[in-house]
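Close look at the chain arrangement
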Amino acid sequence: MKVLDVLGVRVEMPTNQPIVLLRERDGERYLPIWIGAAEATAIAYAQQGVVPPRPLTHDLLRNVIDELGHELTRVRIVALKDGVFHAVLDLDGGAEAGGTDIESRSSDAIALALRAGAEIVAEDDLLDEAGVEMNETEDDEVEKFKEFLDQVSADDFDTETETGP
């Protein structure tokens, strides 16, 4: 398993599709995952330390896990099937350690991991299949991406208008 760091989210042009970019901590591979606008907002909020006045879904799930006396110890990005990434939430060390494994969408798992301070990992085989290695000129693009992330706000991903109390 390789530990991944979340570099951030952005909107991919021209499709206006949000993307979260993960990077192998001790390597050169990047893992781009296309996600929904709501999940992009949730990830951006977590990275920016934004605390909404009412808990969002990922905040609620973290609160439920905590209040039930459990801990999200790790998120595993486990598969790419038909262009969709799949993840597993390891509660209390995961099934191998006597805890629980819960299937998840990768975007939800990442948003939850950021809130819980849980490690995000992926198998080498998955990184070999879906990861992207960047050469020096592409590293410049990554730096531009990081600069973009410094300028973007979670509100940039808000595509729906909330109604109700």
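Described below are features of the structure shown in this document. Every chain is numbered on its own, with residues counted from 1 as its sequence reads. In view of the model being predicted, local features appear only for residues whose pLDDT reaches at least 70, and side-chain atom pairs are presented and counted only at 80 or more, with totals across whole chains, interfaces and linings using the full set of residues. Processing note: side-chain calculations cover all non-hydrogen atoms of the structure and skip hydrogens and water entirely.

**Looking at the packing of helix α1 (residues 37-48) against helix α3 (residues 106-116)**
So the rule is basically this: In this analysis an axis means a line fitted to C-alpha atoms, helices contributing only their contacting stretch, and an angle means the value between N-to-C directions, from 0 to 180 degrees. Elements are defined by DSSP. Helices are runs of H or I of four residues or more, strands are runs of E of two residues or more, and each kind is numbered from the N terminus. Each angle gets one of four labels, with under 35 degrees taken as roughly parallel, over 145 as roughly antiparallel, 65 to 115 as roughly perpendicular, and the rest as oblique. The sense of a crossing depends on the near helix, which, turned anticlockwise from the far helix by less than a right angle, makes the crossing left-handed and, turned clockwise, makes it right-handed. In this analysis, two residues are considered to be in contact whenever any of their non-hydrogen atoms come within 4.5 Å of each other. Ten residue types, Ala, Val, Leu, Ile, Met, Phe, Trp, Tyr, Cys and Pro, are classed as nonpolar, four, Asp, Glu, Lys and Arg, as charged, and the remainder, Gly among them, as polar.
In the contact formed by α1 and α3, the axes pass within 9 Å of each other and the chain directions differ by 15 degrees. Between α1 and α3, the interaxial angle falls into the category roughly parallel. Classified by chirality, the crossing of α3 by α1 is left-handed. Along its contact with α1, which presents Glu-39, Ala-42, Ile-43, Tyr-45, Ala-46 and Gln-47, the element α3 presents Ser-107, Asp-108, Ile-110, Ala-111, Leu-114 and Arg-115. Its residues assigned to classes, the contact of α1 with α3 shows 7 nonpolar, 2 polar and 3 charged.

**Here's the deal with unusual backbone geometry**
With an omega dihedral of 5 degrees, the bond running from Met-13 to Pro-14 counts as a cis peptide bond. Turning to its location among the elements, Pro-14 is positioned in the loop between β1 (2-12) and β2 (17-24). Its identity as a non-glycine residue notwithstanding, Asn-16 has a phi of 60 degrees, on the positive side. Not every positive phi belongs to a glycine, and Asp-82 is a case in point at roughly 55 degrees.

**Looking at the nonpolar core**
Rule in force here: What makes a nonpolar core is a set of buried Ala, Val, Leu, Ile, Met, Phe, Trp, Tyr and Cys residues whose side-chain atoms join them at distances within 4.5 Å. Whether a residue is buried, partly exposed or exposed follows from its accessible area with a 1.4 Å probe, protein chains only, as a fraction of its type maximum: under 20%, in between, or over 50%, in that order.
With 31 residues, the main nonpolar core has Val-20, Leu-31, Ile-77 and Ile-110 as its most contacted residues. Those residues within four positions of Ile-77 in sequence are excluded, and the remaining contacts are Leu-31, Phe-85, His-86, Ala-87, Ser-106, Ile-110, Ile-120, Val-121, Ala-122, Glu-123 and Leu-126.

**Considerations on the side chain of Glu-24**
Let me state the cut-off plainly: The term polar contact refers here to a pair of N or O atoms within 3.5 Å; inside protein, the definition further demands a hydrogen-donor-capable atom paired with an acceptor-capable atom, and it admits residues adjacent in sequence only when both atoms are side-chain atoms.
Summarising the element assignment, Glu-24 is placed in strand β2. A polar contact of 3.5 Å, which involves the side chain of Glu-24, links it to the backbone nitrogen of Glu-28. Leaving out residues up to four positions away in the same chain, Glu-24 has contacts with Lys-2, Val-3, Leu-4, Arg-29, Asp-124 and Leu-127.

**Here we look at a nonpolar patch on the surface**
For clarity, the threshold we go by: Here the term patch refers to residues with relative accessible area over 30% and no salt bridge, with like charges joined within 9 Å and nonpolar side chains (Val, Leu, Ile, Met, Phe, Trp, Tyr) within 5 Å. Areas reported here follow the Shrake-Rupley algorithm with a probe of radius 1.4 Å; residue values treat only the protein chains shown as occluding. Just to be clear on terms, a salt bridge is a Lys or Arg side-chain nitrogen sitting within 4 Å of an Asp or Glu carboxyl oxygen.
A cluster of nonpolar side chains, Leu-60, Leu-61, Val-64 and Leu-68, forms an exposed patch at the surface whose accessible area comes to about 360 Å². Residue placement: Leu-61 occurs in helix α2 (residues 57-67). The partly exposed category is assigned to Leu-61, whose relative accessible area is 38%.

**Remarks on the sheet that holds strand β8 (residues 132-133)**
Note the following rule: Only strands joined by at least two bridges in the DSSP assignment are considered to pair.
As summarised here, the arrangement of the 8 strands in space is β6-β5-β4-β7-β1-β2-β3-β8, forming an open sheet in which the pairing is mixed. Sheet topology places β6 (100-105) and β8 at the edges, where each strand pairs with a single neighbour.

**Notes on α3**
Think of an α-helix as 3.6 residues a turn; residues three or four steps apart then line up on the same face. Of all 11 residues making up α3, 8 are buried, and the element is well covered by its neighbours. The complete set of buried residues in α3 reads Ser-106, Ser-107, Ala-109, Ile-110, Ala-111, Leu-112, Ala-113 and Arg-115. One or two positions beyond α3, positive phi appears at Gly-117, with a value near 70 degrees.

**Some details on the environment of Val-88**
Its location among the elements puts Val-88 in strand β5 (residues 84-91). Assessed through its relative accessible area of 10%, Val-88 is described here as buried. Taking the C-alpha atoms as reference, Val-88 lies 8.4 Å from Arg-74; in sequence the two are 14 residues apart. With near-sequence residues (within four places) excluded, Val-88 lies in contact with Arg-74, Val-75, Arg-76, Val-78, Asp-101 and Ile-102.

**Observations regarding α1**
Definition in use: Expected span of a helix: the number of residues minus one, times 1.5 Å.
Here α1 contains 12 residues, and its C-alpha end-to-end distance of 16 Å stays within 8% of the 16 Å for a straight helix at 1.5 Å per residue. Among all positions of α1, only Glu-39, Ala-40, Thr-41, Ala-42, Ile-43, Ala-44 and Tyr-45 are buried.

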